[in-house]
Amino acid sequence: MTPDFIGNWVRTCYSADITPAMDGKEVTLFGWVKEIRDLGGIRFIILQDREGTIQITVPRKKVSAEVLSKSNSLQKRYSVGVKGVVKKTDMSPRGVEVIPNEIKVLNTAAAQLPIDITGKTPANIEARLDARALDLCQEQSIAVFKIQHVALDAIRSFLFERGFLEVHTPRIIASATEGGAALFTVDYFGEKAYLAQSPQLYKEQLVMSLEKVFEVGPFFRAEASHTRRHLSEFISVDIEQAFADAEDVMALLEQVIQHACKTVKEKCTKELTILKHKVEVPEVPFKRLTYDSVLDDLKKEGVEVPWGEDIPTEAFRTLGKLHPYFYFITDWPTESKAFYIKPRDDKPELCEGFDLMWRWIEIVSGGTRIAEKDLLIRRLKEKGLNPESFKHHLQAFDYGMPPHAGWAIGLERLTMILTGRRNIREVTLYPRDRTRLTP
Ligand code: ATP
C-alpha cells in the first residue's frame, strides 16, 4: 500500500482537546490506530495521539466510498490523518466522536505486533524493553515520561528563580571522581579515559566563578549489581552552591522536592489516573535522623549495622517501614562518605554529608564540601587515592575556593516515586544495565 502524502494538512488539535462543546466543528487530527471495532453498519476507530484517544466513527452508509475504503484498510498502529466533524454523543466514553470526511494513511505497520499496545495483555518488562519504541506508545509509558517532564520542568524553574545557572560539564574525563571501580573506560585517541560518574569536581570548581550552578544530565556507573534501582546510565540533577553549607542546601532540596510533588499533583491528574497512582505533597521540613539514631532504631528491630559502615539494603528496607515517606539521614561517619565531604569541625569522625531517603530508597545524596586544600589532600590519601591524579582539581583550591555545598538527585528514582513504578527501567526511555545495551 502506498502511503498518502501529508500535503498541506495541519493538526488543529489533539484528541484530548476535543469536547462536546465543539459539536459541529471541523477538526484535523493526526495519530495512530489503537483499536478497531466493527459493529455491522458502523466501524469505530480509536485514534491515539500523545495526549490521549478519540473515537472516529465511520457510519458505512453515510461516508464517501473513499473514506469507507480507507477505513477498511486500517490496522493497528497505522499512522493516520483524519479530517472530520465533531459530534456530541452519549455512545462514546468521552461524550464525543469524530465523523470523518477524509482519511489519509500516512504509514502502515506490521500485522503482528510484539506486545499488546492496548495494555489488555500486559507484557513482562524484558519483552517490553525489547520492543521499547512500541512499548513507549502505550498510554502508561507516555504518562510516566510526561510526569518526568513536568517534575523536571518544575525543578528547573525553581532553581532558575533562585538564581542558579544551568551548566554542562564534561562526560569524558581523565580520572575517577569518586575513586572506586564503577567506571567505564573509553579509548580516547589511544589514551585511557573514563565516562563521568558525576559532575562533582567540575561543579565544585564552578562555584568559584558562577557561584550557584545546576546540571541535568546522564552519568555512568559500571554497576555490577542488577537491582530495580540501579542503571549503568542515569540522569542526575546536581546543584552546587557557594557560601552555603549542608543545612542551606537541605532546606533548598526539601522545597525542590515539595514543589515537584505539588506541580505533578496539580498538572498531571490525567497521567496519575492512567497510572492509578496518587502523589502526596510532603510537608517541610522533612524528618532529620542522624546516622547514630538510625543504627539505634535498627538495633531495636533486630538489625545490627556495625558503626562506620554504609547501611545495607536489607537494613534500609526495615528503616523504610519505620519511616514511610521522605526523611534525611545526617551525621554520617566521615569514613563512609566520599573524600570531598567535609568532616564536622567539632567531631571529625562524623561528617556534614546527608542522604535524602524515600522509604527504603536513597534518592539524593549531598553535603558540605571540603574547601581547604590541605584537608582535601589528606582525605584523598586516607581514601587510598593519589592526589597527583587530582592535581587539576586541587589547583582550583589555590584561587579562593569559597565554602560550598550541594546535592544530586537521581531523576529516575524521583520519577519512580512520582509514578509509583517499582522498576527503574520502566521510568527510563532506553535503560542501560549490565545485561542490556540495546535497543
Ligand atoms: P546507591 O547507594 O543507591 O547505589 P550512591 O550512593 O552510589 O547510590 P550517589 O553517588 O550518592 O549514589 O548519587 C546520588 C544519587 O544519584 C543517588 O541518590 C541516586 O538517586 C542516583 N544514583 C546513583 N547511582 C545510580 C545508579 N546506578 N542508577 C540510578 N540512579 C543512581
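> Whenever I open this one, the overall build of the chain confuses me. Can you help?
A count of helical and extended segments in the chain gives twelve helices and 16 strands. Along the first, second and third principal axes, the C-alpha set of the chain runs to 85 × 55 × 40 Å. Sorting the 439 residues of the chain into buried and exposed places 51% on the buried side. Within the chain, residue pairs in contact and separated by at least 24 positions form 66% of the contacts whose partners lie at least 6 positions apart. When the accessible area of the chain is evaluated, it comes to approximately 21,300 Å², of which 52% is carbon and sulfur surface. In the chain, 61 positive and 62 negative side-chain charges are present, and the distance between their average locations comes to 8 Å.

> Hey, could you run me through the packing of aromatic side chains in this one?
Aromatic ring pairs are described here by two measures, namely the spacing of the ring centres and the angle between the planes. A full pass over the atoms with the stated rule returns eleven aromatic pairs. Judged by centre distance (5.2 Å) and plane angle (10 degrees), the rings of F286 and F326 are stacked. Of this pair, F286 sits in the loop between α7 (269–274) and β12 (287–290) while F326 sits in strand β13 (residues 326–330), and the two are 40 residues apart along the sequence. Residues F286 and F326 agree in their burial class; the two are buried. Between the aromatic rings of F286 and F328, the centroid separation amounts to 6.0 Å while the plane-to-plane angle is 35 degrees, which identifies the pairing as tilted. Remark: F328 occurs in strand β13 and F286 occurs in the loop between α7 and β12; sequence separation between them is 42 residues. Grouping residues by exposure puts F286 and F328 together as buried. One aromatic cluster in this structure is built from F286, Y325, F326, F328 and F354. In this arrangement the basic side chain of R162 is found over the ring face of F158, its NZ or CZ atom lying 3.5 Å from the centre. When the ring centre of W332 is taken as origin, the NZ or CZ atom of K337, which lies over that ring, is 4.5 Å away.

> Teacher, can you tell me more about the sheet that holds strand β7 (residues 172–173) here?
The pairing of strands in a sheet comes from backbone hydrogen bonds and takes either a parallel or an antiparallel form. Ordered by their spatial adjacency, three strands build an open sheet running β7-β9-β8, and the pairing between neighbours is antiparallel. Either end of the sheet is taken by a strand with one partner, and the two such strands are β7 and β8 (185–188). With two bridges joining them, β7 and strand β9 (residues 191–195) adopt antiparallel strand pairing. When the bridges of β9 are listed, I172 appears paired with L195.

> Please explain the nonpolar core as it appears in this structure.
Side chains that are nonpolar tend, in soluble globular proteins, to be buried together. Counting 56 residues, the largest nonpolar core has I257, I363 and W407 as the members making the most contacts within it. Setting aside residues no more than four positions away along its own chain, I363 makes contact with I257, F326, L356, W358, A408, I409, G410, R413, L414 and I417. In terms of nonpolar packing, the next biggest core, distinct from the first, is built from 32 residues, L201, V207, F339 and M357 among them.

> What should I look at first to understand the environment of E51 in this one?
Looking at the element boundaries, E51 is found in the loop between β2 (42–49) and β3 (52–59). In this structure the C-alpha to C-alpha distance between E51 and S15, which are 36 residues apart in sequence, comes to 6.5 Å. Contacts of E51, omitting those with residues within four sequence positions, involve Y14, S15, A16, K146 and K270. A distance of 3.1 Å separates polar atoms of two side chains, one belonging to E51 and the other to K146.

> Looking at this structure, how should I read the packing of helix α4 (residues 139–161) against helix α12 (residues 411–419)?
Packed helix pairs are specified by the crossing angle of their axes together with the interaxial distance, meaning the distance between the axes. Between α4 and α12, the least distance of the axes is 10 Å, while the angle of their chain directions is 115 degrees. Crossing angle aside, the handedness with which α4 passes α12 is right-handed. Side by side, α4 and α12 meet where V144, I147, Q148, A151, L152 and I155 of the first sit next to L411, E412, L414, T415, L418 and T419 of the second. Residue composition of the contact of α4 with α12, grouped by class: eight nonpolar, three polar and one charged.

What counts and what doesn't
Residues numbered from 1 in each chain as written. Predicted model: local features only at pLDDT ≥ 70, side-chain atom pairs only at ≥ 80, totals over all residues. Heavy atoms only, no water. Helix = DSSP H or I, 4+ residues; strand = E, 2+ residues; numbered from the N terminus. Buried < 20%, exposed > 50% of the residue type's maximum accessible area, 1.4 Å probe, protein only. Contact = heavy atoms within 4.5 Å. Areas by Shrake-Rupley, 256 points an atom, 1.4 Å probe, with all protein chains shown as cover. Lys, Arg positive; Asp, Glu negative; His and termini not counted. Charge placed at Lys NZ, Arg CZ, Asp CG, Glu CD. Phe/Tyr/Trp six-rings, centres within 6.5 Å; stacked < 30°, edge-to-face > 60°. Lys NZ or Arg CZ within 6 Å of the ring centre and 35° of its normal. Pairing = 2+ DSSP bridges. Core = buried A, V, L, I, M, F, W, Y, C linked by side-chain atoms within 4.5 Å. Polar contact = N/O pair within 3.5 Å; in protein donor to acceptor, adjacent residues only side chain to side chain. Axes fitted to C-alpha atoms, helices over the stretch in contact; angles between N-to-C directions. Left-handed = near helix turned anticlockwise from the far one by under 90°. Nonpolar A, V, L, I, M, F, W, Y, C, P; charged D, E, K, R; others polar.

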